[in-house]
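Breakdown of the fold
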Amino acid sequence: MRESVVSPAADFAVALLREFVSLGVTDAVLTPGSRSQGLALALAAFDSARMLDLQVRIDERSAAFTALGLGVETGHPAIVVTTSGTAVANLLPAVLEASHSGVPMLLLTSDRPSDARGTGGNQTTWQPGLFGRFVRLAVDVDAPTGDPAEPRRAADLARAAVDAALGTHTGTPGPVHLNLQFREPLSGPMPALSALSEPLSVQVQPSVPVQVPVQVRLPADVAAAELVAPAALSAPIELPRGPRTVVVAGHGAGPAAEELAHQGGWPLLAEASSGSRYGRNLVIAYRELLNDPGLGGLVQRVIVFGHPTLSREVPALSLRDGVETIVVTPAALALSSPATARERFAIAPEPGGEPAAPEPALTLSHLAASAPGGEPAALKPALTLSHLAASEPASAVPPDVYNPGHRVTTFLTEASVPPATGDVLDAEREWLRSWVLTSRSIVDAQSDDVAPPNVEAARSPNIADRRDYRVTELAALRTPISRRMLGLAVWRATWPHDRLILGASRLIRDLDRAAPGKKITVHANRGLAGIDGTIATATGIALASQRSRFPGVKATATATAAARTATASGVGVTRVLLGDLTLLHDVGSMLFGAGERRPRIQLIVANDQGGTIFDTLEVAATADRTAFDRVMITPHTADLEALAKAYGWHYTRATTRAELDAALTAPVSGPTLLEVPLQR
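Residues numbered from 1 in each chain as written. Predicted model: local features only at pLDDT ≥ 70, side-chain atom pairs only at ≥ 80, totals over all residues. Heavy atoms only, no water.

1. Description of the overall build of the protein
The helix and strand inventory of the protein stands at 22 helices and 22 strands. The burial tally for the protein puts 52% of its 680 residues in the buried class. Put simply, 77% of the contacts in the protein that link residues at least 6 apart link residues at least 24 apart. Roughly 28,800 Å² of accessible area belongs to the protein as shown, and the carbon and sulfur atoms make up 56% of that amount. (Helix = DSSP H or I, 4+ residues; strand = E, 2+ residues; numbered from the N terminus. Buried < 20%, exposed > 50% of the residue type's maximum accessible area, 1.4 Å probe, protein only. Contact = heavy atoms within 4.5 Å. Areas by Shrake-Rupley, 256 points an atom, 1.4 Å probe, with all protein chains shown as cover.)

2. What about the layout of surface pockets?
Looking at the second largest pocket, its volume works out to about 730 Å³. Residue lining of the second largest pocket: 32 residues in total, with Ser505, Arg506, Arg509, Ile613 and Thr616 positioned closest to the centre. Of all the elements in the fold, those that place two or more residues in the lining of the second largest pocket are helix 16 (506–512) and helix 19 (580–585). The biggest single contributor to the lining of the second largest pocket is helix 16, with four residues. In the lining of the second largest pocket, the residues fall into eleven nonpolar, nine polar and twelve charged. (1 Å grid on protein atoms, 1.4 Å probe; cavity = no way out; pocket = protein on both sides within 12 Å on 5 of 7 lines; lining within 4 Å. Points joined across faces, edges and corners; volume = space filled by probe spheres on them. Nonpolar A, V, L, I, M, F, W, Y, C, P; charged D, E, K, R; others polar.)

3. As for the packing of helix 3 (residues 60–74) against helix 17 (residues 534–545)
For the pair helix 3 and helix 17, interaxial distance at closest approach is 6 Å and the crossing angle is 45°. Accordingly, the angle class assigned to the pair helix 3 and helix 17 is oblique. In terms of crossing hand, the pair formed by helix 3 and helix 17 is right-handed. Facing helix 3, whose interface residues are Ser62, Phe65, Thr66, Leu68, Gly69, Leu70, Val72, Glu73 and Thr74, helix 17 presents Ala536, Thr537, Gly540, Ile541, Leu543, Ala544 and Ser545. Class assignment for the residues of the contact of helix 3 with helix 17 results in eight nonpolar, seven polar and one charged. (Axes fitted to C-alpha atoms, helices over the stretch in contact; angles between N-to-C directions. Parallel < 35°, antiparallel > 145°, perpendicular 65-115°, else oblique. Left-handed = near helix turned anticlockwise from the far one by under 90°.)

4. Digging into the pairing of strand 3 (residues 78–82)
For strand 3, a buried count of five out of five residues is recorded, marking the element as mostly surrounded by other parts of the structure. In strand 3, alternate side chains face the same way, and those of Ala78, Val80 and Thr82 on one face and Ile79 and Val81 on the other are all buried. Inspection of the sheet shows strand 3 paired to strand 4 (residues 105–111) by five bridges, in the parallel sense. Counterpart to threonine 82 in the pairing with strand 4 is threonine 109. (Pairing = 2+ DSSP bridges.)

5. So, helix 17
An ideal rise of 1.5 Å per residue puts 16 Å on twelve residues; helix 17 measures up with 16 Å between its terminal C-alpha atoms. With respect to burial, helix 17 is a largely interior element, twelve of its twelve residues being buried. All of the buried residues along helix 17 are Thr534, Ile535, Ala536, Thr537, Ala538, Thr539, Gly540, Ile541, Ala542, Leu543, Ala544 and Ser545. (Expected span 1.5 Å × (residues − 1).)

6. Looking at the pairing of strand 17 (residues 499–502)
The alternating pattern of strand 17 places Arg499 and Ile501 on one face and Leu500 and Leu502 on the opposite face, and all of these are buried. Here four bridges tie strand 17 to strand 19 (residues 574–579), and the two strands are oriented parallel to one another. Bridge assignment links isoleucine 501 to a residue of strand 19, and that residue is valine 576. Bridging between strand 17 and strand 18 (residues 522–523) involves two bridges; their strand directions are parallel. If you follow isoleucine 501 over to strand 18, its bridge partner there is histidine 523.

7. Here we look at the packing of helix 15 (residues 483–493) against helix 22 (residues 657–665)
One can describe the packing of helix 15 onto helix 22 by two numbers: an axis separation of 10 Å at closest approach and a directional angle of 30°. One way to sum up the angle between helix 15 and helix 22 is to call them roughly parallel. As for the relative orientation of helix 15 and helix 22, their crossing is right-handed in sense. Counted together, Met485, Leu486, Ala489, Val490, Arg492 and Ala493 of helix 15 and Arg657, Leu660, Asp661 and Leu664 of helix 22 form the full contact between these two elements. Residue composition of the contact of helix 15 with helix 22, by class: seven nonpolar, no polar and three charged.

8. Some words on the sheet that holds strand 12 (residues 301–305)
Strand order in the open sheet formed by five strands is 11-10-12-13-15, with parallel pairing between adjacent strands. Across the chains shown, the open sheet's two edge strands, defined by having one partner strand only, are strand 11 (268–270) and strand 15 (410–412). Within this sheet the neighbouring strands show an average axis-to-axis angle of 20°, counted without direction. Here three bridges tie strand 10 (residues 245–249) to strand 11, and the two strands are oriented parallel to one another.

9. Re the pattern of salt bridges
The tally for this structure, following the rule as stated, stands at 26 salt bridges. Arginine 513 is paired through a salt bridge with glutamate 288; the nearest N and O atoms lie 3.5 Å apart. On the criterion of sequence distance, the pair formed by arginine 513 in the loop between helix 16 and strand 18 and glutamate 288 in helix 9 (residues 286–290) is long-range, its members being 225 residues apart. Overall, the relative accessible area of 35% leaves arginine 513 in the partly exposed class. Put simply, Asp27, Asp53, Arg547 and Arg597 are held in one network by salt bridges that share partners. (Salt bridge = Lys/Arg side-chain N within 4 Å of Asp/Glu carboxyl O.)

10. Things to note about the side chain of histidine 251
Locating histidine 251 in the fold gives a position in the loop between strand 10 and helix 8 (255–264). Classification of histidine 251 as buried rests on a relative accessible area of 11%. Within polar-contact distance, the side chain of histidine 251 engages the side chain of serine 273 at 2.9 Å. (Polar contact = N/O pair within 3.5 Å; in protein donor to acceptor, adjacent residues only side chain to side chain.)

11. A look at unusual backbone geometry
Most peptide bonds are trans, and most residues other than glycine sit at a negative phi. Residue proline 185 follows glutamate 184 across a cis peptide bond; omega there is 0°. If you trace the backbone, proline 185 turns up in the loop between strand 6 (175–181) and helix 7 (193–196). Positive phi outside glycine occurs at histidine 406, with the angle close to 55°. As for its position among the elements, histidine 406 is in the loop between strand 14 (362–364) and strand 15. According to the relative accessible area criterion, histidine 406 is exposed, its value standing at 73%.

12. Topic: the side chain of serine 505
Within the fold, serine 505 resides in the loop between strand 17 and helix 16. There is a polar contact of 3.1 Å between the side chain of serine 505 and the backbone nitrogen of leucine 507. If sequence neighbours within four positions are ignored, serine 505 has contacts with Gly579 and Ile613.

Next up, the structure:
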């Protein structure tokens, strides 16, 4: 038996993960590799000790999107661990989505020591700065040497990373990249599981926010206000009544949009994944009404929450002359002036304001500093984690917030409205009433539902009436499925304890045009609105929402092993409504390794054998049909039943309304694929 050797790499990994756990990190997703073995074995020990939940995947792209889903559901950053080389590059799609949608994530990429770069070494490339402006913080960490101060440095690193990922001082959560250099020996003996839950022996000083004044630009008829970041930003800005106003809730808006619309008595234009598509102010047919001169043409002010992406009419509204746009976003803090890195990180400087002497073990990667030709510039020395605020990291890039045509000048963190009285109250009630009633009539006229049979006829003494009832009932059950019918059926089948994920396709737009108000949890990857990683994201959401055990709760090794192989016993089902190309693009994420947790997830695949969303483009009417189909629709003949069987998923198929309803109401005990063929 080989004698265990001391490994500074493994010790640093343990110290780093222990601090992450103490800061509230509950989830990690790992892909295997040699350079990352110290992190991998440490994560396995933490998972066995129930200090966090570990998922193992073979594909880094899938792992990163799984972490994205975990972050969406929990609101905390999930860790992603990779080895070096191309493994790191595979994280980029999820990093882009997380950055644009404001989802926290911790990327721990293993690397060879810096002196191996540029030597042609095996699996060695330039990993620092790989994610550019799309991470909130990037740190290139020198290889540990066993210095007694390294546990403290690991704790400092973890604290800075979590603060940046959560947007604690900026209001802009997102991914963080820690590039961890490791020298051999890459792994060593692990401490006892009980010791992992003990606090660090070194004293770690928490970062102290710098109180900086933040100027919030307001409309001319509202008094300007200066706020102090970040605590005083909890006080909402009161908006004046009077202008004819609508409230837009884009993706991720949350309940604040509905609350303001209800408080103001204004129409609520809420997208399907907004988290605010409910309430008596909801206007479903908002596209049509925004194009109506008698309603949309009279709008004077639009208040936007979240990230609207599903219509052309909403951004067009903000581009109209005479329409004031107010964007309510936590990123208003980061948009404030002056935009310095110190304000963004809000970390206290050393007494006297001068940086302390550098500690060479940790250096900051300056992502924006690239030499001509795209080669990374030399890293500036003399920067340590305790002085990140004195640098110009990637987070100094202005956040990507909703701002059509760069015409929005008013950004608030919170908003409120005073009570309405007299003529103003009467006018706003009539304004809301017109929008809601007109929308209701449009939605009813667009319905393709087959009229249900008259129940009274089933009990009629007249034989002809009873026969007509049976004929009508049978016709309704045999009705072919349309996209609208499919979306509404899935919407109706989803309850507050469930999760609904919508893929980027025609389906989310059709659902957005028809879905009634319902207070359920809906997610879609609308940061960049791509089809990439949909299954993996949904899997992360399912794993977190159905968790029956929580990290931090100790258990015996036997109980832990049993929990790893059992189906999650938490409540709810995660349903994923997606197109066939979205499924095929992420089909590798259907793979669960032996012993990995298999959540209750149902993929509802609208299979029209290609990307028929492009049929809605103007060019579809004039392009050569054969060429258009080949390069845009990309038709296929994939056998989805065979795919499901290959990955160990249960498979069902629905071609009629009756079969669809039966499939959506049947118990879901594990991964299930429901195929719904549709006409192009």
